[in-house]
Amino acid sequence: MGVEAHATNERVTGRRWTVRLDPVGRGRADVRVSCSRPACAAQTLPSAAAGRTAAIAHLKAHLRAGPAPRPSVHCACRAEECHTHIRPAGPRERPVPWRCGGAVVLAVITDREGRWWQVMECCSRCAAAHPTAKVVATAPAAEASARNDGLRADTAAPAAPAVPSVHAPTFSAISPHFSHSATATGTAVPQQASAPRSAARSAPRSARPTRKRPPRGRIAQRLVPHDLRPVALRDELTELGELFRAYQARTEPDLAMLADLHARKAEAFHAWAEATADTGLRLDAQRAEQAAATARLQHLHRIGQAPDGEGPAVVRLLTAPAQWKHARAVLAHVAENAPLPGAEARLLVVMVTLRTAQSGVGNLVGQDIKGLPLQDPQHLVEQLVESGWLGISGTAEELIASRPENPTRISVPSLTPDEDDPGPFTFGRKLRPKLSGWAQRVVGEKKLRKGKTGADVRLLALALATGSDGEGRLGPGGEGIGLDTLSSWCSVDPADLPDLVDRLTAADWLAEADVTGTHLTGRLTERVLPLGCPLT
């Protein structure tokens with residue numbers, strides 16, 4: 001008895017580890033997957049769906065590679081005041097401790113929102129006490145039975161007759177299994193390995209005729225009752241559960257769609273709470289309303305609009321998505337129709353195009369050209385005139401010397417509309433000066449001027465201002481902009497782009513910039529977000 005008691009005291013506490021899914025930052029779509037095991041490094045994924053898939057795969061790998069549950073360990077949840085070991089007391093009762101019992105199992109516990117998954121090595125009784133626990137593996141019963149038989153042999157009286165003992169159902173040792181099945185909130189549910197039932201119970205049950213019931217809907221880890229009335233409410237809840245699961249399978253988030261789903265869920269749960277008088281449903285409805293409001297606000301921030309009754313999240317120089325599209329259209333036209341090579345010629349063509357975009361004619365003064373980072377502006381103007389792209393009243397020297405009180409009339413024949421060709425641009429007369437003013441603010445930004453940056457750096461600033469989303473992340477969905485595209489637009493060699501990126505970073509234009517073999521990733525700083533034209 002003493003040896004067995006000493007062996008019992010040597011038992012160790014079961015294993016326990018957690019895989020978590022956390023947001024990287026406020027208002028950002030990417031998430032971080034982390035594991036509490038020391039050797040596991042955190043991962044950053046672009047969306048909650050991708051993060052959830054990676055977390056499930058990571059947990060599966062641990063379950064496949066890890067050892068089976070050990071029959072001789074204590075429960076991992078064994079702790080004072082643990083809710084799995086203390087039975088809830090009634091109004092006049094004291095809490096009663098629960099006792100551990102049954103085979104040692106490996107159980108996976110999840111939260112309702114699908115934000116963490118915890119693996120515990122515990123007894124089957126404690127696993128059953130957790131409402132979300134799913135058993136994925138069971139310890140071999142042979143070793144535990146031998147130990148129990150030895151304890152009974154030591155404690156039995158010498159003269160007592162041998163009485164056949166009634167053993168509990170046998171739990172077979174199985175390899176860990178874990179399946180990813182999305183619930184209404186996208187929570188991954190592990191596949192429970194069911195223990196075989198005793199022959200005495202299973203034989204009579206198998207003889208009974210089975211009733212075929214229609215499949216039950218599930219939403220927010222709640223089963224929709226078959227007898228819920230009205231039927232329209234039951235069907236709405238079932239459909240919402242399917243829509244939420246379909247949304248979690250999307251590769252890209254759609255916050256407007258998510259807000260509508262949460263709003264429908266709030267309305268349906270309010271009706272469900274009224275039909276069943278369930279306070280928990282009413283609280284879930286309130287949480288769904290809050291989730292709908294949050295998703296809708298994030299959507300408005302992402303597209304650069306302001307909620308009703310509030311000012312915009314970012315006060316932008318160009319305020320409407322249509323204006324942003326026209327700005328991108330002007331830059332794309334210049335990239336395809338620039339008459340001269342080189343970054344300086346490209347920058348001057350951009351500014352002249354914006355001055356003449358609506359009618360093909362406009363006014364220009366010397367300061368408009370001398371304010372650009374051009375080494376020989378007069379020679380560059382002469383080249384544009386010689387190419388036939390630009391027409392001026394007078395000479396290039398007179399244009400450079402002209403003052404605001406006596407501007408020079410210029411024309412761009414390719415932009416002049418006629419009866420057969422309305423021109424490449426469709427915006428009106430009032431928008432043209434707004435676009436021209438926006439471009440001047442970008443290329444003449446204070447820190448770019450103080451840093452004495454060249455035309456190539458300022459062309460890159462224009463490209464990034466029109467190639468980021470509402471939060472300033474470069475490229476669609478923050479995936480970055482191709483280096484070939486930037487090299488063609490800035491009229492520079494791709495090998496020169498890292499130096500241009502460094503200069504923009506030093507000018508506090510870019511943050512978290514990273515130039516890979518094919519893309520530039522990062523985000524615009526908060527300081528220059530008002531100059532951006534978000535991708536929609």
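Residues numbered from 1 in each chain as written. Predicted model: local features only at pLDDT ≥ 70, side-chain atom pairs only at ≥ 80, totals over all residues. Heavy atoms only, no water.

This brings us to the overall build of the protein. Across its full length, the protein holds 18 helices and 16 strands. Buried positions account for 40% of the 536 residues belonging to the protein. Excluding contacts between residues fewer than 6 apart, the proportion of contacts in the protein whose partners are at least 24 apart in sequence is 63%. For the protein, the exposed area adds up to about 29,100 Å²; of that, 52% sits on carbon and sulfur atoms. (Helix = DSSP H or I, 4+ residues; strand = E, 2+ residues; numbered from the N terminus. Buried < 20%, exposed > 50% of the residue type's maximum accessible area, 1.4 Å probe, protein only. Contact = heavy atoms within 4.5 Å. Areas by Shrake-Rupley, 256 points an atom, 1.4 Å probe, with all protein chains shown as cover.)

For the rest of this paragraph, the subject is the packing of helix H9 (residues 321–337) against helix H10 (residues 343–356). Direction vectors running N to C along H9 and H10 enclose 130°, while the axes themselves pass 10 Å from each other. If you check the angle between H9 and H10, you find them oblique. H9 and H10 meet at a crossing whose hand is right-handed. Contacts between H9 and H10 involve Val-330, Leu-331, Val-334 and Ala-335 from the first element and Arg-346, Val-349, Val-350, Thr-353 and Leu-354 from the second. Broken down by class, the residue content of the contact of H9 with H10 amounts to seven nonpolar, one polar and one charged. (Axes fitted to C-alpha atoms, helices over the stretch in contact; angles between N-to-C directions. Parallel < 35°, antiparallel > 145°, perpendicular 65-115°, else oblique. Left-handed = near helix turned anticlockwise from the far one by under 90°. Nonpolar A, V, L, I, M, F, W, Y, C, P; charged D, E, K, R; others polar.)

Topologically, Asp-111 is positioned in the loop between strand S6 (104–110) and strand S7 (116–123). Polar contacts involving the side chain of Asp-111 include one to the main-chain amide nitrogen of Arg-115, which spans 2.8 Å. At a separation of 3.3 Å, a polar atom in the side chain of Asp-111 contacts the main-chain amide nitrogen of Trp-116. (Polar contact = N/O pair within 3.5 Å; in protein donor to acceptor, adjacent residues only side chain to side chain.)

Attention now goes to the sheet that holds strand S2 (residues 31–35). On the basis of which strands lie adjacent, the open sheet formed by six strands has the order S3-S2-S1-S7-S6-S8 and antiparallel pairing. Two strands in the sheet have a free side with no partner beyond their single neighbour: strand S3 (43–45) and strand S8 (134–138). On average, each strand axis in the sheet is inclined to that of its neighbour by 20°, with strand direction left out of account. Here strand S1 (residues 16–23) runs beside S2; their pairing, made up of five bridges, is antiparallel. Bridging across to S2, Val-19 finds its partner in Cys-35. (Pairing = 2+ DSSP bridges.)

Okay, helix H18 (residues 497–506) next. For H18, the full list of buried residues reads Leu-497, Leu-500, Val-501 and Leu-504. Taken around the axis of H18, the buried residues stretch over an arc of 100°, which confines them to a single face. Pointing more than 90 degrees away from the buried face of H18 are the exposed residues Asp-502 and Ala-506. As for H18, its buried residues are in contact with helix H15 (446–450), helix H16 (455–465), helix H17 (483–490), strand S15 (510–515) and strand S16 (519–524). (Arc of directions from axis to C-beta.)

Our next topic: the pairing of S8. Every regular strand shows the same layout, with side chains that alternate between the two sheet faces. Taking burial as the measure, the five residues of S8 include four buried ones, the bulk of the element. Relative to S8, S6 is paired through four bridges, and the arrangement is antiparallel. Bridge pairing links Leu-106 to Ala-137 in S8.

Side chains of Asp-376, Glu-382, Glu-386, Glu-397 and Glu-398 sit close together on the surface and give a patch of like negative charge. In this structure Glu-397 comes out as exposed when scored by relative accessible area, which is 55%. (Patch = residues over 30% accessible without salt bridge, like charges linked within 9 Å, V, L, I, M, F, W, Y side chains within 5 Å. Salt bridge = Lys/Arg side-chain N within 4 Å of Asp/Glu carboxyl O. Lys, Arg positive; Asp, Glu negative; His and termini not counted. Charge placed at Lys NZ, Arg CZ, Asp CG, Glu CD.)

Its place among the elements puts Ser-47 in the loop between S3 and helix H2 (48–65). The exposure class assigned to Ser-47 is buried, which follows from its relative accessible area of 9%. Once residues lying within four places of it in the same chain are set aside, the contact partners of Ser-47 are Ala-29, Asp-30, Val-31 and Thr-251.

Applying the stated rule across the entire model yields two aromatic pairs. Taking the centre distance of 5.5 Å and the plane angle of 80° together, the rings of Phe-269 and Trp-272 count as edge-to-face. Here Trp-272 and Phe-269 lie together in helix H7 (residues 255–276), a separation of three residues that amounts to about one turn. The class for Phe-269 is buried, based on a relative accessible area of 0%. When the centroid spacing of 5.6 Å and the interplanar angle of 25° are considered together, the rings of Phe-425 and Phe-427 count as stacked. (Phe/Tyr/Trp six-rings, centres within 6.5 Å; stacked < 30°, edge-to-face > 60°.)

Pairing in this open sheet of three strands is antiparallel, and the strands run S11-S13-S12 from one edge to the other. Across the chains shown, the open sheet's two edge strands, defined by having one partner strand only, are strand S11 (361–364) and strand S12 (391–392). In this structure, S11 lies alongside strand S13 (residues 408–411), joined through four bridges in antiparallel fashion. Bridged to Leu-364 within S13 is Thr-408. Across the face of the sheet, H10 comes into contact with S11 and S13 while running at roughly 120° to S11.

Time to look at the nonpolar core. Within the largest apolar cluster, 71 residues are counted, with the highest numbers of intra-cluster contacts made by Leu-390, Trp-438, Leu-464, Trp-489, Leu-504 and Trp-509. Ile-219, Ala-220, Leu-228 and Ala-268 belong to the second-largest nonpolar core, a separate cluster that totals 20 residues. (Core = buried A, V, L, I, M, F, W, Y, C linked by side-chain atoms within 4.5 Å.)

Let's shift gears to the environment of Leu-240. In this structure, Leu-240 sits in helix H6 (residues 231–248). Aside from chain neighbours lying at most four places away, what touches Leu-240 is Ile-219, Leu-261, Arg-264, Lys-265 and Ala-268.

Moving on: H6. Look at H6: 26 Å from first C-alpha to last across 18 residues, which is about the 26 Å you get at 1.5 Å a residue. Every buried residue of H6 is accounted for by Leu-233, Leu-237, Leu-240, Gly-241, Phe-244, Tyr-247 and Gln-248. One side of H6 carries all its buried residues, which in axial view fall inside an arc of 130°. The secondary structure elements touched by the buried residues of H6 are H2, strand S9 (218–219) and H7. (Expected span 1.5 Å × (residues − 1).)

What the rule picks out here adds up to 19 salt bridges. In this structure, the salt-bridge partner of Glu-236 is Arg-264, at a minimum N-O distance of 3.0 Å. With Glu-236 in helix H6 and Arg-264 in helix H7, this pair connects stretches of sequence that are 28 residues apart. Among the residues examined, Arg-264 registers a relative accessible area of 28% and is labelled partly exposed.

Right, let's talk about the layout of surface pockets for a bit. Here the largest pocket is characterised by a volume of approximately 1,400 Å³. The wall of the largest pocket is formed by 43 residues, among which Ala-48, Arg-52, Gln-248, Leu-258 and His-262 lie closest to the centre. (1 Å grid on protein atoms, 1.4 Å probe; cavity = no way out; pocket = protein on both sides within 12 Å on 5 of 7 lines; lining within 4 Å. Points joined across faces, edges and corners; volume = space filled by probe spheres on them.)

Any functional reading would require information that these geometric values do not contain.
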